[in-house]
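# Understanding the architecture of this molecule
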Amino acid sequence: MKSAQIRDAFLKYFAEQGHTVVPSSSLVPGNDPTLLFTNAGMVQFKDTFLGQEQRPYSRAVSAQRCVRAGGKHNDLENVGYTARHHTFFEMLGNFSFGDYFKREAIQFAWEFLTKVLKLPEERLWVTVHISDDEAADIWLKEVGVSAERFSRLDEDNFWQMGDTGPCGPCSEIFYDHGPEVPGGPPGSDNDDLDRYIEIWNLVFMQYERTADGELHPLPKPSVDTGMGLERIAAVMQGVHSNYEIDLFQALLKAAGDIVGCSDMEEKSLRVIADHIRSCSFLIADGVMPSNEGRGFVLRRIIRRAVRHGHKLGHKEIFFYRLVEALVEQMGDAYPELRERRETIESALRKEEEQFARTLDKGMALLEEALESLQGDEIPGELVFTLHDTYGFPTDLTQDIARERGLTLDMAGYEAAMEAQRERARAAGKFKQDYSGALELEGATEFLGYETTRAEGKVI
Ligand code: ATP
Ligand code: MG
Ligand code: MG
Ligand code: MG
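Below you will find a few notes about this structure. (Residues numbered from 1 in each chain as written. Chains lettered and ligands numbered in written order. Predicted model: local features only at pLDDT ≥ 70, side-chain atom pairs only at ≥ 80, totals over all residues. Heavy atoms only, no water.)

### Remarks on the coordination of the magnesium ion (ligand 4)
Those donors, E172 (OE) and E198 (OE), are the protein atoms that reach the magnesium ion (ligand 4), and they lie 2.1 to 2.2 Å from it. E172 sits in the buried class, given a relative accessible area of 6%. Relative accessible area serves as the criterion here: at 27%, E198 is assigned to the partly exposed category. (Donors = N, O, S within 2.8 Å, 3.2 Å for Na, K, Ca; no water. Buried < 20%, exposed > 50% of the residue type's maximum accessible area, 1.4 Å probe, protein only.)

Laid out in structure tokens, this is it:
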């Protein structure tokens with residue numbers, strides 16, 4: 001089954017179960033200025049769960065474009081290192097707004113996986129929250145999942161939208177990719193490896209947490225689920241890594257042809273294929289590279305992709321040339337991609353041209369410094385110079401450091417930044433653009449954006 005067919009099958013199955021098909025919303029959340037990007041299917045329904053917005057339906061299904069490249073749900077560092085994390089991905093989700101609850105949510109998910117997609121039960125593992133006897137009974141007694149492939153977990157199975165707001169226990173379904181892949185079952189020490197991959201999270205929105213920390217039962221318990229399309233596509237296509245699915249193979253091939261690399265397992269090629277999706281979709285949704293907020297995240301992703309092309313020995317402007325292949329793969333499902341193609345290409349091209357002017361020099365400076373490096377920490381002064389003079393966001397330098405088993409002296413970097421700030425102040429030359437740069441440094445970790453999604457429990 002191709003990715004597009006899986007997406008269609010999901011929407012169709014839930015439409016047949018009385019769900020209204022709701023289109024994906026923008027990557028820029030319309031209802032929440034505190035959230036960096038849409039990072040789950042539930043984001044566009046947030047106010048409905050809270051009871052602040054009424055909708056003409058109580059069941060919905062969507063295929064939502066998501067970006068997790070900032071804030072608590074930052075998978076940027078995972079890209080190229082795991083088989084299952086992307087900066088951009090599609091989340092398939094079904095939602096109940098005070099309609100059905102645990103029993104139906106579990107039955108729908110199980111039926112879709114085992115009857116529609118025909119996955120073998122022995123490959124599926126299930127977790128519930130440690131306190132959730134009700135969900136445990138449904139799985140074990142009604143669905144008949146084997147106790148050997150079932151476990152109760154704590155933090156991983158409680159989702160909350162923020163410090164306050166709707167929250168509840170969740171139940172997750174994992175797929176076992178088989179003993180040839182390293183990794184242990186959910187809840188074991190090495191469950192973060194790629195053997196048992198989480199495919200679907202069913203959140204039972206059951207409580208509202210108030211400011212005093214208390215949990216109060218919601219008048220209308222609801223359901224919010226999310227399944228990564230690329231992960232389930234890998235399962236359906238009998239491959240282990242998301243990068244081996246139809247869509248990514250096409251993007252990798254296009255990237256390989258452009259930069260002259262035929263090794264489809266090359267990490268840098270994977271990073272480039274991942275990043276063209278997040279960058280193109282962000283631009284299609286109106287984000288432009290800049291020095292702050294969302295635009296700065298976009299800039300960082302573009303520069304990382306460009307650096308990886310450079311690492312593969314490609315010195316010409318290339319990244320924008322991948323938009324064509326992306327439009328071919330995803331333009332049918334997302335017509336806005338096709339419509340805004342020129343805008344996307346020109347923004348990517350401009351950003352790359354600008355960065356290309358300093359990339360070579362910055363890399364030469366870094367290589368030279370690394371040759372005489374004592375120990376395994378890149379000095380903060382150098383990290384700062386790369387940032388300040390050569391346009392290397394710190395996470396880009398971090399990416400290079402990680403490839404070589406090195407770390408960054410972030411305290412030294414902060415000190416160099418502060419010294420620069422002092423000098424600028426003393427000279428009375430606190431220019432607008434420079435203060436912007438300082439501000440974005442604070443925003444690098446996006447502390448201000450996290451108030452709605454706590455503790456990495458998003459679905
Ligand atoms: P993981 O533990 O693998 O990082 P998660 O618990 O962070 O996943 P959820 O927040 O529960 O993921 O999101 C629901 C589903 O979305 C996941 O079960 C997975 O299928 C998919 N998903 C989450 N993050 C990513 C990502 N970065 N790239 C691709 N798919 C993802
Ligand atoms: Mg995660
Ligand atoms: Mg998880
Ligand atoms: Mg999860």
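Anyway, onward from the coordinates.
### Side note on the state of the cysteines
By definition, a disulfide links the sulfur atoms of two cysteines through a covalent bond. Counted according to the given criterion, the structure contains zero disulfides. Cysteine C66 shares no disulfide, and the gap to the nearest cysteine sulfur, in C170, comes to 16 Å. Cysteine C170 remains unbridged, with the sulfur of C167 as its closest cysteine sulfur at 11 Å. (Disulfide = S-S within 2.5 Å.)

### Quick look at the pattern of salt bridges
Evaluated as defined, the whole model comprises 31 salt bridges. Where R65 meets D285, a salt bridge forms, and the shortest distance between an N and an O atom there is 2.9 Å. With R65 in strand β2 (residues 59–67) and D285 in the loop between α7 (267–284) and α8 (293–311), this pair connects stretches of sequence that are 220 residues apart. Take R65: its relative accessible area is 5%, and that puts it in the buried class. Residue R303 pairs with E351 through a salt bridge whose shortest N-O separation is 2.9 Å. Remark: E351 occurs in helix α11 (residues 341–371) and R303 occurs in helix α8; sequence separation between them is 48 residues. Here R303 matches E351 in class, with each residue buried. Each of the salt bridges in this network shares a partner with another, and the network as a whole consists of E77, K267, R300, R304, R307, K311, D395, D399 and E403. (Salt bridge = Lys/Arg side-chain N within 4 Å of Asp/Glu carboxyl O. Helix = DSSP H or I, 4+ residues; strand = E, 2+ residues; numbered from the N terminus.)

### Some thoughts on α11
Here α11 contains 31 residues, and its C-alpha end-to-end distance of 42 Å stays within 8% of the 45 Å for a straight helix at 1.5 Å per residue. In α11, a bend of some 35° at A356 exceeds every other bend along the element. When we look at burial in α11, the residues that qualify are I344, E345, A347, L348, E351, E352, F355, L359, G362, M363, L366 and L370. (Expected span 1.5 Å × (residues − 1). Bend = angle between axes of the 7 residues up to and from the residue.)

### Comments concerning the side chain of D47
As for its placement among the helices and strands, D47 is situated in helix α2 (residues 46–49). Look at D47: it is buried, it has no salt bridge, and the nearest opposite charge is K46 at 4.5 Å. Excluding residues within four positions of it along the chain, D47 makes contact with N31, Q52 and E53. (Lys, Arg positive; Asp, Glu negative; His and termini not counted. Contact = heavy atoms within 4.5 Å.)

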